[in-house]
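# Secondary and tertiary structure notes
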There are 2 protein chains.
Amino acid sequence: MSTVMKVMIVDDHDMVRLGLSTYLSLESEIEVIAEASNGREALEVLKGLKEANLPLPDLILMDLMMPEMDGIATTQEAIDRYPEMKIIILTSFLEDDKVMEGIQAGAVSYVLKSVSSEELVYAIKGAFRGMPVMNTEVSQALSRGIRQKSASKDDDGLTVREREVLMLIAEGKANKDIAEELYISIKTVKTHVSNLLMKLEVEDRTQLAIYVHRKGWVS
Amino acid sequence: MSTVMKVMIVDDHDMVRLGLSTYLSLESEIEVIAEASNGREALEVLKGLKEANLPLPDLILMDLMMPEMDGIATTQEAIDRYPEMKIIILTSFLEDDKVMEGIQAGAVSYVLKSVSSEELVYAIKGAFRGMPVMNTEVSQALSRGIRQKSASKDDDGLTVREREVLMLIAEGKANKDIAEELYISIKTVKTHVSNLLMKLEVEDRTQLAIYVHRKGWVS
DNA sequence: TATATCCTCCGTCTAAAGACTGAGCATGCT
DNA sequence: AGCATGCTCAGTCTTTAGACGGAGGATATA
């Protein structure tokens, strides 16, 4: 296979992005064509590439925990919009639920950051060839997850934007702060908040925050 | 200062070590002279350097969570054996207790991995010059930790009534509900809430609820 | 083309939250 | 007795939150 694999790196840590792109660029078969520091930015970058008629990445290395928009939601959106794209979720921690969610969201692989660089390259090449590679720990977690909660369906019908607002509320942000952070008006934030209150059937933002924390979506 | 800062990197993630050493080697004032993937290995490397009469690092970038031996214990040991060495704890997550432990163990700085590479270099140079640099979040966590450690056994300065109100807020109750449940007026509830906001140094009831949930006082 | 969803924003309005000041009453400590 | 603290409540004021209705534009799908 002589074609070059175009890879995008999405991770909120500067140093991780740097390390990955440095190492991967040593591989002649791999080319890092884009980076982003969170999910929302990643989607914007992809959109920008598409609009500019530039080549899209064949594969995304996606961190799980990121501000603004996490890896699961981003994977879901990205797969939805660019179905041919492969996504490897790359994370520091092993949580059974998250593995399940990630795979369900459309990720082809789920790799721990503790793997060696060689193993990562192997996983990338595998994913590209349609032969996803996973850590032993991860595949074990996956089978546990399937057995324990194959009927786990917590699709609460929230849109991407609503989930973003929700997570900011769960961080204790006020509407004004959220508006500034998302570059939208307070009015719009209020609209999203009202929709969240209705969809999640709670009475105020404090209960929204509690909801998120009880779900374990944040620490 | 024309001398070169000799730095050691201790982190269990290949890609983090790679990213760091790549970036730091671009800085002419910084030289990465050693690496290790966990605490025990780090101490062995240091011992080896000393026995071989090779220069020891001036500064260690130490990850917090590692297999075999974590960053806190390693920092303690390393400072004990090589008191002139400076250590910056580098971690993905912000936990008040860990910050305290890290500083008490002898680390001069505590930096989140989410910082930009430039900020990290700044922190390294600062540490080397005896002017430790910390994330804003970290120093806030530190002051919270100090306040709680010094004033507390199981007492964070809250009165019984205030704690009652706090827990009801953490359940998502509105002032009116709290007033009815405690048989007091809304005015009184507001007084307690204002006192809570002041004492716990947060801005609104949502942040109070988050505070309680982060403390694990409720599920 | 029609349709639906999402995101955006507007104005208006009511209720709630919170800041600030002051005060009465009970308790316990010195 | 004097003093501090905790709990209670009040009034006034400003800001925020949230409900409600309406609407335009973008996008995707049938």
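Notes on the structure follow. The shown structure was predicted, so the numbers you read here are calculated from the model rather than taken from an experiment. (Residues numbered from 1 in each chain as written. Chains lettered and ligands numbered in written order. Predicted model: local features only at pLDDT ≥ 70, side-chain atom pairs only at ≥ 80, totals over all residues. Heavy atoms only, no water.)

## Some points on the overall build of chain A
Here is the rule we go by: Helix and strand assignments come from DSSP, with helices taken as H or I runs of at least 4 residues and strands as E runs of at least 2, each series counted from the N terminus. Each residue is placed in one exposure class: buried if its accessible area under a 1.4 Å probe, protein chains only, is under 20% of its type's maximum, exposed if it is over 50%, and partly exposed if it falls in between. We call two residues contacting when some pair of their heavy atoms lies within 4.5 Å. The Shrake-Rupley method, run with a 1.4 Å probe, gives the accessible areas here. Residue values count only the displayed protein chains as cover.
Each helix and strand counted, chain A has ten helices and five strands in total. Within the span of chain A, comprising 219 residues, buried residues form 51% of the whole. Contacts in chain A between residues far apart in sequence, at least 24 positions, make up 66% of those at least 6 positions apart. Carbon and sulfur atoms provide 50% of the accessible area of chain A, an area that totals close to 10,200 Å².

## A few points about the interface of chain B and chain A
Definition in use: Buried area is understood as the total, over both parts, of accessible area removed when two parts are fitted together, assessed with a 1.4 Å probe. The salt bridge definition used is simple: a Lys or Arg side-chain nitrogen within 4 Å of an Asp or Glu carboxyl oxygen. A 3.5 Å cut-off defines polar contacts: any pair of N or O atoms within that distance qualifies, except that in protein one atom must be a possible hydrogen donor and the other a possible acceptor, and neighbouring residues in sequence count only when both atoms are side-chain atoms. The residue classification treats Ala, Val, Leu, Ile, Met, Phe, Trp, Tyr, Cys and Pro as nonpolar and Asp, Glu, Lys and Arg as charged. All others, Gly included, are polar.
If you look at the interface, chain B gives 34 residues, while chain A gives 33 residues. When chain B packs against chain A, the two sides together hide about 2,700 Å² of surface, and 65% of this comes from carbon and sulfur. Considering only the side of chain B, the residues that lose the most area to chain A are His13(B), Met15(B) and Thr206(B), jointly responsible for 22% of the buried surface there. Counting across the chain B and chain A interface gives zero salt bridges. In this assembly, chain B and chain A are joined by three residue pairs in polar contact (both at pLDDT 80 or more). Listing elements by their share of the side of chain B that touches chain A, those giving two or more residues are α1 (14–25), α5 (117–128), α7 (160–170) and α10 (205–215) of chain B. Residue contributions to the side of chain B that touches chain A peak at eight residues, all from α1(B). Looking at side-chain class alone, the side of chain B that touches chain A contains 14 nonpolar, twelve polar and eight charged residues.

## Some points on the protein's contact with DNA strand C
The condition that has to hold: Residues are counted as near a molecule or strand when any one of their heavy atoms sits within 4 Å of it.
Taken together, the neighbourhood of DNA strand C is formed by 17 residues, with Thr159(A), Arg161(A), Ser185(A), Ser194(B) and Arg205(B) sitting nearest. Counted by atom, the contact set of DNA strand C within 4 Å of the protein is 62% sugar and phosphate. Within the side chain of Ser194(B), an N or O atom sits 2.8 Å from a phosphate oxygen of DNA strand C. Elements with a contribution of two residues or more to the surface near DNA strand C: α7 (160–170) and α9 (186–199) of chain A together with α9 (186–199) of chain B. Grouping the amino acids of the surface near DNA strand C by side-chain chemistry returns five nonpolar, seven polar and five charged.

## Considering the protein's contact with DNA strand D
Near DNA strand D there are 17 residues, and of these Ser194(A), Arg205(A), Thr159(B), Arg161(B) and Ser185(B) occur at the shortest range. Sugar and phosphate atoms form 63% of the subset of DNA strand D atoms that lie within 4 Å of the protein. Interatomic distance of 3.2 Å between a side-chain N/O atom of Asn175(A) and a phosphate oxygen of DNA strand D. Here a phosphate oxygen of DNA strand D sits 2.9 Å away from a polar atom, N or O, in the side chain of His192(B). Of all the secondary-structure elements, those providing two or more residues to the surface near DNA strand D are α9 of chain A together with α7 and α9 of chain B.

## Points about the pattern of salt bridges
Residues and elements named next belong to chain A. Using the criterion set out here, one finds 13 salt bridges over all chains in the structure. One salt bridge connects arginine 40 with glutamate 164, and the closest N-O pair in it is separated by 3.0 Å. With arginine 40 in helix α2 (residues 39–51) and glutamate 164 in helix α7, this residue pair connects regions lying 124 residues apart in the sequence. This pair shows no difference in class: arginine 40 is buried, exactly as glutamate 164 is. Salt bridges sharing common partners tie together Arg40, Glu44, Arg161 and Glu164.

## Section: the sheet that holds strand β4 (residues 86–91) of chain B
Strand pairing in a sheet is mediated by backbone hydrogen bonds. Such pairs are either parallel or antiparallel. Residues and elements named next belong to chain B. We count it as follows: At least two DSSP bridges between two strands are required for those strands to pair. Here an axis means a line fitted to C-alpha atoms, over the contact stretch when the element is a helix, while the angle between two N-to-C directions is reported on a 0 to 180 degree scale.
Strand order in the open sheet formed by five strands is β2-β1-β3-β4-β5, with parallel pairing between adjacent strands. At either end of the open sheet lies a strand with only one pairing partner, and these are β2 (30–36) and β5 (109–112). Averaged over neighbouring strand pairs, the angle between their axes works out to 25° when direction is ignored. Lying over the sheet, helix α3 (residues 71–81) contacts β3 (59–63) and β4, oriented at roughly 175° with respect to β4.

## A short note on the nonpolar core
Keep this limit in mind: In these notes, a set of buried Ala, Val, Leu, Ile, Met, Phe, Trp, Tyr and Cys residues joined through side-chain atoms within 4.5 Å is what counts as a nonpolar core.
In this structure, Leu61(A), Ile124(A), Leu24(B), Leu61(B) and Ile124(B) are the most contacted members of the largest nonpolar core, which totals 38 residues. Leave out the neighbours within four places in its chain, and Leu24(B) touches Val7(B), Ile9(B), Ile30(B), Val32(B), Leu61(B), Val121(B) and Ile124(B).

## Some words on the pairing of β5(B)
All names here are of chain B. The two faces of β5 match: Ser109 and Val111 on one face and Tyr110 and Leu112 on the other face are all buried. Of the pairings in the sheet, the one linking β4 to β5 comprises four bridges and is parallel in character. By the bridge assignment for β5, threonine 91 is matched with leucine 112.

Just geometry here; none of it tells us what the structure is for.
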